[in-house]
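Take a look at the letters that make up each chain.
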Amino acid sequence: MTDIFPPPPALLCFGEPLMEFAEASGQEGSVMRLGYGGDVSNVAIAAARQGLSAGMIGAVGDDAFGGKLQALWDREGVDRRHVLRPGGSRTGLYFITYEAAGHVFSYARDGSAASRYTPADLPTADIAAARLFHASAISQGIGLGPCDATFEAIHLAREKGVSISYDTNLRLKLWPLDRARAIIHATAALADILRPGLDDARLLTGRQTPDAIADFYLGLGPRIVVLTLGSEGCLVATPARREVIPCLPVAFVDASGAGDTFTGAFLAEYARTGDEFASARYANVAAALKTRGIGAIEPIPRRAEVEAVLSGEPA
């Protein structure tokens, strides 16, 4: 008998999907443009656009926004079989306004469906069957249930030999620094691939230079640390080797979602090649291309665009 269900995806991403409202200019002044966000959802979509089978774990609201997110994943080829939609629940929202110093985020996520996720909701069989499991500190900061679920999923993945990717994404509006630091460092110690950003890492570790930050995180136990440095590119560090990979210069428009694009592209290329340094070069290009457009999702490039630039075509 033929199995009617597709196989589980190679990459499973756990966390909170969000609807995005971004300020844009219109004929009548500023207007809010509807989009999509949530860091791990962005990662899943970026990975899928590079050709890796990717899926989401989490929850959306029983509202119109939850339906829009489901439709987004269907269009992007992201497996959503393990995204819950509890009756009477609502989807988290965030708002981006653009100021002279950069973009400013505001959130309306308290009590969202994702914040009520618990370890009992985890799809344990598919986590055990995945090649990669990805979560972020935001997945933990939105509530005690999601935090416990992150740890349980990671322990299960480790037991089954699944590679664990973790982004130290720090949002101090979600929790105080001391608690965030304790939870993030405990989780980082369980990861195979650690994805900090420079500004967050300076707050979390107290170290200032990329090399000192890499030393700190490698000391916790990850095999690979990929520290993004903004316009300076990224530092890839393993116990045996480290290399700074410069950023691709492009006509910059908007950085929102660039780090998530980097992570999704890195995981897709790493799953294909097993080479963390080549994967970071690939991800640098993908993230740079993403910054040429507005919004977290729409400007994420596909594999053909990234490979064209890597082969020498202009960005």
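Below, the structure is looked at part by part. (Residues numbered from 1 in each chain as written. Predicted model: local features only at pLDDT ≥ 70, side-chain atom pairs only at ≥ 80, totals over all residues. Heavy atoms only, no water.)

**A few points about the pattern of salt bridges**
- For the structure shown, the criterion picks out 16 salt bridges.
- One salt bridge connects Glu76 with Arg49, and the closest N-O pair in it is separated by 2.6 Å. With a gap of 27 residues between them, Glu76 in helix 2 (residues 64–76) and Arg49 in helix 1 (residues 39–49) connect regions that are remote in the sequence. No difference in accessibility class separates Glu76 from Arg49, as the two residues are buried.
- Three or more residues joined by partner-sharing salt bridges are found here, namely Glu269, Arg272, Arg303 and Glu307. (Salt bridge = Lys/Arg side-chain N within 4 Å of Asp/Glu carboxyl O. Helix = DSSP H or I, 4+ residues; strand = E, 2+ residues; numbered from the N terminus. Buried < 20%, exposed > 50% of the residue type's maximum accessible area, 1.4 Å probe, protein only.)

**Some remarks on the pairing of strand 8 (residues 132–136)**
- The buried fraction of strand 8 amounts to 5 of the 5 residues, a majority that puts the element mostly inside the structure.
- Covered by surrounding structure in strand 8 are Leu132, His134 and Ser136 together with Phe133 and Ala135, the residues of both alternating faces.
- Here 5 bridges tie strand 8 to strand 9 (residues 163–167), and the two strands are oriented parallel to one another. When the sheet's bridge partners are listed, Phe133 is paired in strand 9 with Ile164. (Pairing = 2+ DSSP bridges.)

**Thoughts on the sheet that holds strand 12 (residues 234–237)**
- What the 9 strands build is an open sheet, ordered 5-4-1-8-9-10-11-12-13; its pairing is mixed. The open sheet has two free edges, formed respectively by strand 5 (79–84) and strand 13 (242–245), since each of these has just one partner strand. Across the sheet, the mean angle from the axis of one strand to that of its neighbour is 15 degrees, orientation sign disregarded.
- By the bridge criterion, 4 bridges tie strand 12 to strand 13 in an arrangement that is antiparallel. Looking at strand 13, one finds that Leu235 is bridged to Val244.
- The sheet contacts of helix 9 (residues 258–273) involve strand 1 (11–14), strand 8, strand 9, strand 10 (193–195), strand 11 (224–228) and strand 12, and relative to strand 10 the element is tilted by about 160 degrees. (Axes fitted to C-alpha atoms, helices over the stretch in contact; angles between N-to-C directions. Contact = heavy atoms within 4.5 Å.)

**Topic: the nonpolar core**
- Counting residues in each nonpolar core, the largest one holds 54 residues, and the members touching the most others are Leu11, Leu52, Met56, Trp73, Phe262 and Phe266.
- By residue number, the principal contributor to this core is helix 10 (residues 276–290), which donates 8 residues.
- Ignoring any residue separated from it by four or fewer positions in sequence, one finds Trp73 in contact with Pro17, Ser41, Ile45, Met56, Val60, Val78, Arg80 and Val83.
- Grouped together as the second largest cluster of nonpolar side chains are 44 residues, Ala153, Ala157, Ile183 and Ala191 included. (Core = buried A, V, L, I, M, F, W, Y, C linked by side-chain atoms within 4.5 Å.)

**Points about the packing of aromatic side chains**
- Summed over all chains, the structure comprises 7 aromatic pairs.
- Summarising the aromatic geometry, the rings of Phe262 and Phe266 are spaced 6.4 Å apart at their centres and angled 10 degrees between planes, so their arrangement reads as stacked. A residue pair is termed a helical-turn pair when its members lie 3 or 4 positions apart in one helix, as Phe262 and Phe266 do in helix 9 at 4 residues.
- On the basis of relative accessibility, which here comes to 2%, the residue Phe262 falls in the buried class. (Phe/Tyr/Trp six-rings, centres within 6.5 Å; stacked < 30°, edge-to-face > 60°.)

**Section: the layout of surface pockets**
- In this structure, the largest pocket spans a volume of roughly 1300 Å³.
- Contributing to the lining of the largest pocket are 47 residues, with Ala255, Ser256, Gly257, Ala258 and Gly259 lying nearest its centre.
- Every element with two or more residues in the lining of the largest pocket is listed here: helix 1, strand 7 (102–108), helix 7 (198–205), helix 9 and helix 10.
- Looking at side-chain class alone, the lining of the largest pocket contains 22 nonpolar, 15 polar and 10 charged residues. (1 Å grid on protein atoms, 1.4 Å probe; cavity = no way out; pocket = protein on both sides within 12 Å on 5 of 7 lines; lining within 4 Å. Points joined across faces, edges and corners; volume = space filled by probe spheres on them. Nonpolar A, V, L, I, M, F, W, Y, C, P; charged D, E, K, R; others polar.)

**Section: the environment of Ala120**
- Looking at the secondary structure, you find Ala120 in the loop between strand 7 and helix 3 (124–129).
- A relative accessible area of 73% means that Ala120 is categorised as exposed.
- The sequence separation of Ala120 and Lys68 amounts to 52 residues, and the corresponding C-alpha distance is 26 Å.

**Considering the pairing of strand 9**
- Summarising burial for strand 9: 5 of the 5 residues are buried, a large majority.
- Because side chains alternate across strand 9, one face comprises the buried residues Ser163, Ser165 and Asp167, and the other comprises Ile164 and Tyr166, equally buried.
- Where strand 9 lies against strand 10, 3 bridges are found, and the strand directions are parallel. The residue bridging Asp167 from the neighbouring strand is Arg195, located in strand 10.

**Quick word on the packing of helix 7 against helix 8 (residues 210–220)**
- Two numbers describe how helix 7 lies on helix 8: the axes approach to 10 Å, and their chain directions differ by 60 degrees. For the element pair helix 7 / helix 8, the angle class is oblique. For the element pair helix 7 and helix 8, the recorded crossing hand is left-handed. Facing helix 7, whose interface residues are Leu198, Ala201, Arg202, Leu204 and Thr205, helix 8 presents Pro210, Ile213, Phe216 and Tyr217. (Parallel < 35°, antiparallel > 145°, perpendicular 65-115°, else oblique. Left-handed = near helix turned anticlockwise from the far one by under 90°.)

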